[in-house]
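# A closer look at the structure
Here are the chains, one letter per residue:
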Amino acid sequence: GGSCVILVSEAGLEKAGIDKRDCVEIVALGHSTGPLGEVADLTALDVTENAAERAYGSAGWDATDIDVAEVHDCFSITEALMYEALGFCETGEGVAFGAAGETSLTGSVPVNTGGGLMAFWHPVGATGIKQAFEVFRQMHGKCGDYQLAKRPRRGLTANMGGDDRTSVVTLYQRLS
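Conventions we followed
- Going along each chain's sequence as written, the residues are numbered from 1 onward.
- Selection of residues for local features in this predicted model requires a pLDDT of at least 70, selection of side-chain atom pairs for listing and counting requires 80 or more, and totals for whole chains, interfaces and linings are taken over all residues.
- Computation of side-chain values: all heavy atoms of the structure, hydrogens and water removed.
- The way it works is that DSSP assigns letters per residue, a run of H or I at least four long becomes a helix, a run of E at least two long becomes a strand, and they are numbered from the N terminus.
- Based on C-alpha atoms, the radius of gyration is set beside the globule rule, defined as 2.2 Å times the residue count to the power 0.38.
- The rule is simple: take the accessible area with a 1.4 Å probe, protein chains only, and divide by the maximum for that residue type; under 20% is buried, over 50% is exposed, in between is partly exposed.
- Note on contacts: a residue pair qualifies if any of its non-hydrogen atoms lie within 4.5 Å across the two residues.
- Throughout, the Shrake-Rupley method with a 1.4 Å probe supplies accessible areas, and for residues the shown protein chains are the sole cover considered.
- Strands pair, by our definition, only if DSSP identifies at least two bridges between them.
- Only the contacting stretch of a helix is used when fitting its axis, a line to C-alpha atoms as for every element, and angles between N-to-C directions run 0 to 180 degrees.
- Two rings belonging to Phe, Tyr or Trp (six-membered ring only in the last case) form a pair when the distance between their centres is within 6.5 Å. Interplanar angles under 30 degrees mark stacking, angles over 60 mark edge-to-face geometry, and anything in between is tilted.
- Salt bridges are identified by distance alone: a Lys or Arg side-chain nitrogen within 4 Å of an Asp or Glu carboxyl oxygen.
- Nonpolar cores are built from buried Ala, Val, Leu, Ile, Met, Phe, Trp, Tyr and Cys residues. Side-chain atoms within 4.5 Å join them into one set.

### Focus: the overall build of the chain
- Per the secondary structure count, the chain includes 5 helices and 4 strands.
- Put simply, the chain runs from its N terminus to its C terminus through helices and strands in the order α-β-α-β-α-α-α-β-β.
- In terms of C-alpha radius of gyration, the chain reaches 16 Å, essentially the compact-globule figure of 16 Å for 176 residues.
- Over its C-alpha atoms, taken along the principal directions, the chain stretches across nearly 50 × 35 × 35 Å.
- Taken across its 176 residues, the chain has 40% of its residues classed as buried.
- The contacts in the chain between residues at least 6 apart in sequence include a share of 62% that link residues at least 24 apart.
- Looking at the chain as shown, the accessible area adds up to about 9400 Å², and 54% of this sits on carbon and sulfur atoms.

### Notes on the sheet that holds strand 3 (residues 154-161)
- A sheet is described by the order of its strands in space; here 4 strands give the open sequence 1-4-3-2, paired in mixed fashion. Edge positions in the sheet fall to strand 1 (24-33) and strand 2 (68-71), since each has one partner strand and no second. Between one strand and the next, the sheet's axes are offset by a mean angle of 15°, whatever the strand orientation.
- Relative to strand 4 (residues 166-174), strand 3 runs antiparallel, the two being bridged by 8 bridges. For Gly161, the partnering residue across the bridge sits in strand 4 and is Thr166.
- Its contacts with the sheet place helix 2 (residues 46-59) against strand 1, strand 3 and strand 4, and it is angled at close to 140° to strand 1.

### What about the packing of aromatic side chains?
- On inspection of all chains with the given rule, the structure shows 2 aromatic pairs.
- Seen from their ring centres, Tyr83 and Phe97 are 5.8 Å apart, and the 65° between their planes marks the pair as edge-to-face. Residue Tyr83 is found in helix 3 (residues 76-85), and its partner Phe97 is found in helix 4 (residues 94-99); the two are separated by 14 residues along the sequence.
- Residue classification places Tyr83 among the buried residues on the basis of a relative accessible area of 5%.
- Taken together, a centroid distance of 6.4 Å and an interplanar angle of 10° make the contact between Phe133 and Phe136 stacked. Here Phe136 and Phe133 lie together in helix 5 (residues 127-139), a separation of 3 residues that amounts to about one turn.

### Details of the pairing of strand 3
- In terms of strand pairing, strand 2 meets strand 3 through 4 bridges, oriented parallel. What sits directly across from Val71, in strand 3, is Ala158.
- Where strand 3 folds back onto strand 4 in an antiparallel hairpin, the turn is made up of 4 residues, including Gly162, whose phi is positive at roughly 60°.

### Thoughts on the pattern of salt bridges
- Inspection of every chain in the model, using the stated rule, returns 7 salt bridges.
- A salt bridge links Glu10 to Lys20; its shortest N-O distance comes to 3.9 Å. Placement of the pair is Glu10 in helix 1 (residues 10-16) and Lys20 in the loop between helix 1 and strand 1, with a sequence separation of 10 residues.
- For Lys20, a relative accessible area of 39% corresponds to the partly exposed category.
- Residue Glu134 is joined to Arg137 by a salt bridge in which the shortest nitrogen-to-oxygen separation is 4.0 Å. Of the two residues, Glu134 and Arg137 both sit in helix 5, 3 residues apart, roughly one turn of that helix.
- Accessibility expressed as a relative area gives 4% for Glu134, which makes it buried.

### Observations concerning the nonpolar core
- Ranked by internal contacts, the top residues of the largest apolar core, which has 26 residues, are Tyr56, Ile66, Leu86, Phe88, Leu156, Val169 and Leu171.
- Secondary structure elements with two or more residues in this core: helix 2, strand 2, helix 3, strand 3 and strand 4.
- Residues contacting Ile66, with those up to four places away along its chain left out, are Tyr56, Trp61, Phe88, Val109, Arg154, Gly155, Leu156 and Leu171.
- If you look at the next biggest cluster of nonpolar residues, it comprises 6 residues, including Val135, Met139, Leu148 and Tyr172.

Rendered as structure tokens:
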């Protein structure tokens with residue numbers, strides 16, 4: 001298998017004859033790393049939190065601006081900790097936030113709408129692409145029976161590795 005994302009400028013879209021309404025804009029990206037083996041708190045994703053702060057700061061957004069999110073869920077607890085690190089809920093409330101339905105298709109911030117990475121056997125080499133594609137599909141009404149009732153305008157992907165020792169948070173916006 002394989003996967004790719006094509007990144008172009010507005011001039012590139014025009015040259016390729018692609019209508020920008022058929023695209024999603026990457027508004028900001030936050031990247032952060034931490035030293036291996038030096039995790040201060042195993043119940044917090046501090047590197048992801050830092051990456052999110054960088055992305056939000058660059059875009060002038062915060063967690064309340066997100067309409068749909070795809071987060072790294074290598075384990076169920078990781079997804080709950082992601083909610084906290086991304087500011088969707090307070091520290092220690094991630095499990096309750098998800099259990100209350102806040103991340104469901106009708107929740108305040110739908111997360112992993114297509115089932116997340118675990119539902120796709122966690123395609124390690126294609127994880128970030130799968131996440132970006134899911135946000136794109138939701139933003140363009142292409143998710144069929146799990147399409148959100150209101151097409152999202154703003155989205156987020158959060159991908160991490162090495163037990164949260166490297167993390168990338170990307171913010172997207174629908175152009176139409």
